[in-house]
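Descriptive structure summary
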Amino acid sequence: ISGKYIPPAARSHAASISLTSNVPLFGRTAEYYAGVKRDQRPMNLAQEESIEEVRITHNGVEPDSTSQFNVGLQRRKTASRDYQELPKVLQKELGEDYKAYVSHQYHASSEEYHQHPLLYSLYPLPVRGMSLFTSVEAAVDWAVRSPMLRTDLQLTKHWLIHPLVTATWSTRLGTAGSPSGHIPVNDRLYLGWRHVRGYRCIGPSTSDGPHEGCRFAATGGNVLWATSLSLNFPMPFLPTNGLVTTHAFVDAGNNAYFKSWHDVKSRAGDFFSKASCSVGVGFVVAQIPFFGVLPSGRFEFNFALPISVDDTTGGFSLRQTRLFDKWRFGLTWSSNVSD
């Protein structure tokens, strides 16, 4: 039996208790979980979300992969501090509902590191191989009274170009669908700085459609894509520090809410050609003293600039947007954390 408590922080507060049982016959671990979690998302329509959950998880561990199979029930409450100012169509997206779900996550990795101690001290992050994360969730939401299916795929590939230079390509694809054509706001897909560095929010928002006068808030999409290419190298002037490396990157991505197949066909071109893009440089926390290499993603401190394709000249130009932070520190390109 174990418990977990996350004290109130900037955006999250959680408490849980779980019972873990080992089943050697199947080589798996079963976890029986009950907990409550409260999140704050200032940029989203649902600024505050509370989830009470009971869940059974079966874990599978292989030499190069792990998997999780979950069956759970959630009681969810969403709220906005500007509720009274929202149009009724958006007010209906908030409130209390219940969700029953079945989900499966799979993570496989063939990543390799420098074998030479000196090279590893210069760059202690993956230099070859790839990692794959997939997630599939089938659920029923009491408010919508219709089944939903969410999928997420994230792929990362590394190439050793030079003993001191590594190229990393990452991509993410996500979908959410329902026969009813409606996805609850807290089950939609959100895209931001964790995958397209610099952007606070990408995709549908209250600035779309007849919501004039509302505060800006992301309302989420049902299809998203993001991709990133970076060159990684030791930190100049302090190459053997073993803790921090540097990189240069270019990112692109988009998020949209398609209401029908006709909508997909008519907007598919813009969905890719009018993506949000950014370029920049930054520092990557390679490992933390006493803890080693971080398993959940990349902690980065970046300077980024938004760019776009000029419709007239076809060239690249700086894009003016108030939803962009040139400086940002945080966890990026992680299968454990989404926007």
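What this report covers is the structure whose coordinates are included nearby. (Residues numbered from 1 in each chain as written. Predicted model: local features only at pLDDT ≥ 70, side-chain atom pairs only at ≥ 80, totals over all residues. Heavy atoms only, no water.)

Notes on the overall build of the protein
Scanning the protein for helices and strands turns up three helices and 17 strands. Considering the protein as a whole, with its 339 residues, one finds that 45% of them fall into the buried category. Contacts spanning at least 24 positions in sequence make up 61% of the contacts within the protein whose residues lie at least 6 apart. For the protein, the exposed surface amounts to about 18400 Å²; the carbon and sulfur share of it is 61%. (Helix = DSSP H or I, 4+ residues; strand = E, 2+ residues; numbered from the N terminus. Buried < 20%, exposed > 50% of the residue type's maximum accessible area, 1.4 Å probe, protein only. Contact = heavy atoms within 4.5 Å. Areas by Shrake-Rupley, 256 points an atom, 1.4 Å probe, with all protein chains shown as cover.)

Brief notes about the pairing of strand S9 (residues 165–177)
Sheet topology places strand S8 (residues 146–162) next to S9; 13 bridges connect them, and they run antiparallel. Paired with Leu153 across the strands is Leu173, a residue of S9. In this structure, S9 lies alongside strand S10 (residues 223–234), joined through ten bridges in antiparallel fashion. Residue pairing in the sheet places Thr171 in a bridge with Thr227 of S10. (Pairing = 2+ DSSP bridges.)

Things to note about the environment of Tyr123
Note on placement: Tyr123 falls in the loop between helix H2 (117–122) and strand S7 (129–141). Note on Tyr123: relative accessible area 4%, which makes it buried. Considering only alpha carbons, one finds Tyr123 and Leu164, 41 residues apart in sequence, at a separation of 7.6 Å. Excluding anything up to four places from it in sequence, Tyr123 contacts His114, Thr166, Asn232, Phe233, Thr245 and Arg298.

So, helix H3 (residues 261–273)
Here H3 spans 19 Å end to end across 13 residues, near enough to the 18 Å set by a 1.5 Å rise per residue. Of all the bends found along H3, the most pronounced is centred on Arg267 and spans about 55 degrees. (Expected span 1.5 Å × (residues − 1). Bend = angle between axes of the 7 residues up to and from the residue.)

A closer look at the packing of aromatic side chains
Overall, the coordinates contain eight aromatic pairs when judged by the stated rule. Aromatic pair Trp225 and Phe272: ring centres 5.6 Å apart, planes at 25 degrees, arrangement stacked. Note that Trp225 is positioned in strand S10 and Phe272 in helix H3, a separation of 47 residues in sequence. Note on Trp225: relative accessible area 13%, which makes it buried. The exposed category is assigned to Phe272, whose relative accessible area is 52%. (Phe/Tyr/Trp six-rings, centres within 6.5 Å; stacked < 30°, edge-to-face > 60°.)

Describing the environment of Ser16
Mapping Ser16 onto the fold places it in strand S2 (residues 12–23). Residues Ser16 and Val36 lie 20 residues apart in sequence; the distance between their C-alpha atoms is 6.3 Å. Contacts of Ser16, omitting those with residues within four sequence positions, involve Ser2, Gly3, Lys4, Tyr33, Ala34 and Gly35.

Quick notes on a nonpolar patch on the surface
On the surface, Ile1, Ile17, Leu19, Tyr32, Ile56, Phe69, Val71 and Val102 cluster together into a nonpolar patch covering about 720 Å² of accessible area. Only S2 and strand S5 (65–79) provide two or more residues apiece to the nonpolar patch. Along the chain, Leu19 falls in strand S2. (Patch = residues over 30% accessible without salt bridge, like charges linked within 9 Å, V, L, I, M, F, W, Y side chains within 5 Å. Salt bridge = Lys/Arg side-chain N within 4 Å of Asp/Glu carboxyl O.)

A closer look at the side chain of Ser146
Turning to its location among the elements, Ser146 is positioned in strand S8. Take Ser146: its relative accessible area is 7%, and that puts it in the buried class. Polar side-chain contacts of Ser146 include one of 3.1 Å to the side chain of Ser178. Leave out the neighbours within four places in its chain, and Ser146 touches Ala139, Val140, Asp141, Ser178, Pro179 and Ser180. (Polar contact = N/O pair within 3.5 Å; in protein donor to acceptor, adjacent residues only side chain to side chain.)

Topic: the pattern of salt bridges
This structure, assessed with the given rule, holds 21 salt bridges. The residue Glu52 makes a salt bridge to Arg75 at a minimum N-O spacing of 3.5 Å. Here Glu52 is found in strand S4 (residues 48–62), whereas its partner Arg75 is found in strand S5, with 23 residues between them in sequence. We classify Glu52 as partly exposed; its relative accessible area is 32%. Exposure remark for Arg75: the relative accessible area of 26% places this residue in the partly exposed category. Across the pair Asp325 and Arg200 runs a salt bridge, and its minimum N-O distance is 3.0 Å. Here Asp325 is found in the loop between strand S16 (316–318) and strand S17 (327–332), whereas its partner Arg200 is found in the loop between S9 and S10, with 125 residues between them in sequence. Judged by its relative accessible area of 17%, Asp325 is buried.

Considering the side chain of His247
Here His247 lies in strand S11 (residues 244–256). For His247, the side chain forms a polar contact with the side chain of Arg298, separated by 3.3 Å.

As for the environment of Val284
Tracing the chain through its elements places Val284 in strand S12 (residues 276–285). In this structure, the C-alpha to C-alpha distance between Val284 and Leu331, residues 47 residues apart in sequence, is 9.8 Å. Setting aside chain neighbours within four positions, we find Val284 in contact with Leu125, Leu243, Val244, Thr245, His247, Arg298, Phe299 and Glu300.

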